Amino acid sequence: TRKGAAPSHRPAAPSPSSNTMGGSLSFTVGADSIAEPGQKSIICEGLDGVDADKLISAFEEYVKEGKTATGKESKFEVEPMDGGYLTTQKYDLPAMWGGGSFTVRNLFKFDPAARKFLLDVYLNDPL
């Protein structure tokens, strides 16, 4: 940076949070799992006015319709796989960062009856 010049970077824009959207969330980390005895989970306290069945159904539809895409991918796909949905996001790196690309795969599985979903993340690894 030249002496007296403004910094050449911009501060990160604030991301939305429950507090900025007029609510608050409370989580318990390392709680005993409700769905899988003997396992640990992150548990969210109850959400007033939220129907769990509608929430899990809406989240499944959101994933199925490809709405998890960020818009920064060079390629994005959603396909049914193993009773769930596999999203594939390919990102290209600029030449100034060495070029190349990497792929992130997310396998979402939904179990509405149990009111849970499972997310497996594969970072640049083959399935």
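The rules behind these values
- Residues numbered from 1 in each chain as written.
- Predicted model: local features only at pLDDT ≥ 70, side-chain atom pairs only at ≥ 80, totals over all residues.
- Heavy atoms only, no water.
- Helix = DSSP H or I, 4+ residues; strand = E, 2+ residues; numbered from the N terminus.
- Buried < 20%, exposed > 50% of the residue type's maximum accessible area, 1.4 Å probe, protein only.
- Contact = heavy atoms within 4.5 Å.
- Areas by Shrake-Rupley, 256 points an atom, 1.4 Å probe, with all protein chains shown as cover.
- pLDDT = per-residue confidence, 0-100.
- Pairing = 2+ DSSP bridges.
- Axes fitted to C-alpha atoms, helices over the stretch in contact; angles between N-to-C directions.
- Expected span 1.5 Å × (residues − 1).
- Polar contact = N/O pair within 3.5 Å; in protein donor to acceptor, adjacent residues only side chain to side chain.

1. Concerning the overall build of the chain
Argument step 1. Each helix and strand in the chain was counted, giving one helix and six strands.
Argument step 2. A total of 127 residues make up the chain; the buried ones form 15% of that total.
Argument step 3. Nonlocal contacts in the chain, meaning residues at least 24 apart in sequence, comprise 18% of its contacts between residues at least 6 apart.
Argument step 4. A total of about 9,900 Å² of accessible surface is found on the chain, and carbon and sulfur atoms cover 54% of it.

2. Things to note about the side chain of Thr103
Argument step 1. Among the structural elements, Thr103 can be located in strand S5 (residues 101–111).
Argument step 2. When its relative accessible area of 15% is taken as the criterion, Thr103 is described as buried.
Argument step 3. With residues up to four places along the chain from it excluded, the contact list for Thr103 reads Thr88, Gln89, Lys90, Tyr122, Leu123 and Asn124.

3. Things to note about the confidence of the model for the chain
Argument step 1. Per-residue confidence for the chain gives a mean pLDDT of 80; residues scoring 70 or more make up 79%.
Argument step 2. In the model, residues 1–22 has pLDDT below 50 throughout and makes six contacts with residues more than four positions away in sequence or in other chains.

4. Digging into the sheet that holds S5
Argument step 1. The four strands lie next to each other as S3-S4-S5-S6, forming an open sheet whose pairing is antiparallel. Two strands bound the open sheet, and with one partner strand each, they are strand S3 (75–81) and strand S6 (116–123). Neighbour-to-neighbour, the strand axes of the sheet open up by a mean angle of 15°, direction not taken into account.
Argument step 2. Pairing analysis gives eight bridges linking S5 to S6, with the strands arranged antiparallel. The residue of S6 that forms the bridge with Phe108 is Leu119.
Argument step 3. Contacting S3, strand S4 (84–92), S5 and S6, helix H1 (residues 52–64) crosses the sheet at an angle of about 150° to S5.

5. Describing the pairing of S3
Argument step 1. The pairing of S3 with S4 spans seven bridges and is antiparallel. If you follow Phe76 over to S4, its bridge partner there is Gln89.
Argument step 2. Connecting S3 to the next strand, S4, in antiparallel fashion are two residues, including Asp82 with a positive phi near 50°.

6. Some thoughts on H1
Argument step 1. The end-to-end C-alpha separation of H1 is 18 Å, in line with the 18 Å expected for 13 residues at 1.5 Å each.
Argument step 2. For H1, the N-terminal capping position is held by Asp51, with its side-chain oxygen 3.0 Å away from the main-chain nitrogen of Asp53.
Argument step 3. Of the residues trailing H1, Gly66 is marked for its positive phi of about 80°.

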